[in-house]
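Summary of the model geometry
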Amino acid sequence: MRHSGPFTAILALAACAAPGLARAESDPRLTELWKLVSYEVEVRADGSKAPVMGEKPTGHAYFTPENRLFFVLTGEGRKPAENEAQRAALMGTLVSYSGTFRTEGDSWTAKVDTAWDPKWVGTEQTRMFTLEGERLRVLTPWRVMPNWADKGETRSIVTFVRGKD
C-alpha cells in the first residue's frame, strides 16, 4: 500500500523530529574533548590536599552532543605490570567510567553503565563544574572513593583544558 498526501508528510516530520525529542540537548559548554591537567583530592577530616595521581596525570573526558560521557584518567608514571600485585596496584591510579548524563545549571549527573570499579555501574555520579576560558574545573561531592578509601571522605578537584587532539 502506498501512502501519500498529508499522512506521509506527518510521518516524515515525526521521523525527523523523534530523535531530538528522545533526548535532551547537552550543555554546549561541555560538549567537547577535555584533556586532564590535574587531579587533586581533598580529605574532609583534616582539609589536606594531595595530587593523588601525581603532578602530571594523563587522561581525557569527552562529552558528546548525544548526552554520553567518557572518562579515562590515569596517574603519572604508570608502568606495565609484570605480576598480579603490580596489576592490582595499577587500579589505584585509574579512574574510568562511561554513561549517559544530564545537566542542570553548573552540574551534571552521569548514569554510569561502564566503570573501572563495578560498584559504580548503575549509580548516578553528580559533579559540579566551572568553566573559565579554556579550563573546566570539576568538583565531586564528599564521598569515600574506591582508590583511596583509607583516607575516609574525600572530594576530587579535577582540572581539564579543551582538548587539542
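The following refers to the structure shown.

What follows deals with the overall build of the protein. Within the protein one finds 2 helices and 9 strands. In the protein, the succession of helices and strands from N to C terminus is α-β-β-β-β-α-β-β-β-β-β. Buried positions account for 33% of the 165 residues belonging to the protein. Taking the intrachain contacts of the protein between residues at least 6 apart in sequence as the baseline, contacts between residues at least 24 apart amount to 50%. When the accessible area of the protein is evaluated, it comes to approximately 9900 Å², of which 58% is carbon and sulfur surface.

Now for the nonpolar core. In terms of nonpolar packing, the biggest core is built from 27 residues, with Tyr39, Phe63, Phe71, Leu73, Trp108 and Phe160 touching the most fellow members. Going through the elements one at a time, β1 (32–43), β3 (58–63), β4 (68–74), β5 (94–104), β6 (107–115), β8 (135–139) and β9 (154–162) are the ones with two or more residues in this core.

To continue, consider unusual backbone geometry. Note on backbone geometry: most residues besides glycine have negative phi, and most peptide bonds are trans. Even without a glycine there, the phi angle at Asn67 is positive, about 65 degrees. For Asn67, the position within the fold is in the loop between β3 and β4. According to the relative accessible area criterion, Asn67 is buried, its value standing at 9%.

Counting through the fold element by element, Asp117 comes out in the loop between β6 and β7 (124–132). For Asp117, a relative accessible area of 12% gives the class buried. Placed 26 residues apart in sequence, Asp117 and Met91 show a C-alpha to C-alpha distance of 8.8 Å.

Within the secondary structure, Leu73 sits in strand β4. When sequence neighbours within four positions are dropped, the list of residues in contact with Leu73 reads Leu36, Tyr39, Met53, Thr58, Gly59, His60, Thr93, Leu94, Val95, Val158 and Phe160.

Before going further, it helps to examine empty space enclosed by the protein. Inspection of every chain in the model, using the stated rule, returns 1 cavity of 30 Å³ or more. Space inside the largest cavity adds up to approximately 100 Å³. Around the largest cavity, the lining comprises 14 residues; the ones closest to its centre are Leu73, Tyr97, Arg127, Thr140 and Val158. Split by residue class, the lining of the largest cavity holds 10 nonpolar, 2 polar and 2 charged.

What counts and how
Starting afresh in each chain, residues are numbered from 1 along the sequence in its written order. Residue-level local features of this predicted model are given only where pLDDT is at least 70; pairs of side-chain atoms are given and counted only at 80 or more, and the full residue set underlies all totals for whole chains, interfaces and linings. As a rule here, side-chain values come from all non-hydrogen atoms in the structure, and water together with hydrogens is ignored. Runs of H or I in DSSP of at least four residues are treated as helices and runs of E of at least two as strands, each being numbered from the N terminus. Burial status follows relative accessibility: with a 1.4 Å probe on protein chains alone, a residue under 20% of its type maximum counts as buried, one over 50% as exposed, and anything between as partly exposed. Contact criterion: two residues are considered in contact whenever any of their non-hydrogen atoms come within 4.5 Å of each other. Reported accessibility uses the Shrake-Rupley method at a 1.4 Å probe radius. Residues are deemed covered only where the shown protein chains occlude them. Buried Ala, Val, Leu, Ile, Met, Phe, Trp, Tyr and Cys residues that are joined via side-chain atoms within 4.5 Å together make up what is termed a nonpolar core. As defined here, a cavity is a set of points on a 1 Å grid over the protein atoms alone where a 1.4 Å probe fits but cannot get out. A pocket is an open set with protein on both sides within 12 Å along at least five of seven lines, and residues line them when an atom is within 4 Å of a point. Grid points are joined across faces, edges and corners, and a volume is the space filled by probe spheres set on the points. Residues are grouped as follows: Ala, Val, Leu, Ile, Met, Phe, Trp, Tyr, Cys and Pro are nonpolar; Asp, Glu, Lys and Arg are charged; all remaining types, including Gly, are polar.

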